[in-house]
Structure formats: C-alpha cells, structure tokens
Amino acid sequence: MSLLELKEYLQNRGIVSINDLSVHYNASPETLEPMLEHWIRKGKLRKETPESSCGNKKSSCSCCTSNDVWYQWIE
C-alpha cells in the first residue's frame, strides 16, 4: 500500500474508521497511523475521536459510546 493508494481510498469513502482501514489493508492501526498523519499534516484529512465528535467526554450521547477513531477526507 502506498500513500497514493490510501489517498484514493480515503477520497472515495469520504469518512472511514481506523478499524475499517485495518481490515481493508490487512494492516494494524499502528502501521496505518503514520501514513494517515502524513495526510493530516497536509491538511487533507481530519481525525475524529469520540470525544472530538461530540465535544463532551462525559456525555452519554451515542457518538461517545464507540472507541473507534474516524478519518474524514476534507478536500
């Protein structure tokens, strides 16, 4: 997998979880994170955690019940 392959996948999906990426590329999140960070530094990708999505760590809203991290392409 190259950075360009990852970029194309992210652009096509729009938003994707780290778990989905791990399954798709058969790679651990630890392997994928440096590549994802590259696109974040370029301003093309946004990382969404449960806390950043709802803005309240103590909230009982459904968005905070998942521990998954999501990535959204923002081009």
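The rules behind these values
- Every chain's residues receive numbers from 1 upward, in the order its sequence appears when written.
- Residues qualify for local features only when their pLDDT is at least 70, as the model is predicted, and side-chain atom pairs are given and counted only at 80 or more; totals for whole chains, interfaces and linings, by contrast, use all residues.
- The basis for the side-chain values is all heavy atoms of the structure; hydrogens and waters are excluded.
- By the criteria applied, helices consist of DSSP H or I runs no shorter than four residues and strands consist of E runs no shorter than two, each listed in order from the N terminus.
- To sort residues, take the accessible area from a 1.4 Å probe on protein chains only and compare it with the maximum for the residue type: under 20% means buried, over 50% means exposed, and anything in between is partly exposed.
- The contact criterion used throughout is that any non-hydrogen atoms of two residues lie within 4.5 Å.
- Shrake-Rupley sampling with a 1.4 Å probe provides the accessible areas, and residues are treated as covered by the protein chains on show and by no other component.
- Relevant arc is that of directions from the helix axis to the C-beta atoms, nothing else.
- The predictor rates its confidence in each residue with pLDDT, a number between 0 and 100.
- Stacked, edge-to-face and tilted labels apply to pairs of Phe, Tyr and Trp rings (six-membered ring for Trp) whose centres lie within 6.5 Å, assigned for plane angles under 30 degrees, over 60, and everything in between, in that order.

1. Re the overall build of the protein chain
Reasoning step 1: In terms of regular secondary structure, the protein chain is built from 4 helices and 3 strands.
Reasoning step 2: In sequence order, the protein chain lays out its α and β elements as α-β-α-α-β-α-β.
Reasoning step 3: Taken over 75 residues, the protein chain has a buried fraction of 29%.
Reasoning step 4: Counted over contacts in the protein chain with a minimum sequence separation of 6, partners at least 24 positions apart contribute 57%.
Reasoning step 5: When the accessible surface of the protein chain is summed, it comes to about 4900 Å², and 47% of that surface belongs to carbon and sulfur atoms.

2. Things to note about unusual backbone geometry
Reasoning step 1: Of note, the phi angle at Asn26 is positive, near 50 degrees, even though the residue is not glycine.
Reasoning step 2: Judged by relative accessible area, which is 74%, Asn26 ranks as exposed.

3. So, helix H2 (residues 18-25)
It helps to recall that an α-helix has 3.6 residues per turn; residues three or four apart then point in one direction.
Reasoning step 1: Among the residues making up H2, those that are buried are Ile18, Leu21, Ser22 and Tyr25. Considered in projection along H2, the buried side chains sweep an arc of 100 degrees and stay on one side of the axis.
Reasoning step 2: Residues of H2 that are buried make contact with helix H1 (3-13), strand S1 (15-17), helix H3 (29-41) and strand S3 (70-73).
Reasoning step 3: Within two residues after H2, Asn26 carries a phi angle of roughly 50 degrees, on the positive side.

4. Regarding the confidence of the model for the protein chain
Low pLDDT marks stretches whose predicted atomic positions should not be read closely.
Reasoning step 1: Per-residue confidence for the protein chain gives a mean pLDDT of 84; residues scoring 70 or more make up 77%.
Reasoning step 2: Of all the helices and strands in the protein chain, helix H4 (residues 50-54) carries the lowest mean pLDDT, 58, while S3 carries the highest, 96.
Reasoning step 3: Per-residue pLDDT stays below 50 along residues 56-65; that stretch engages in 10 contacts with residues further than four places along the chain or on separate chains.

5. A look at the packing of aromatic side chains
Reasoning step 1: Tallied over the full model, the rule gives 2 aromatic pairs.
Reasoning step 2: Judged by centre distance (5.6 Å) and plane angle (65 degrees), the rings of Trp39 and Trp73 are edge-to-face. With Trp39 in helix H3 and Trp73 in strand S3, the pair connects residues that are 34 residues apart, well separated along the chain. Trp73 shares its class with Trp39; the two are buried.

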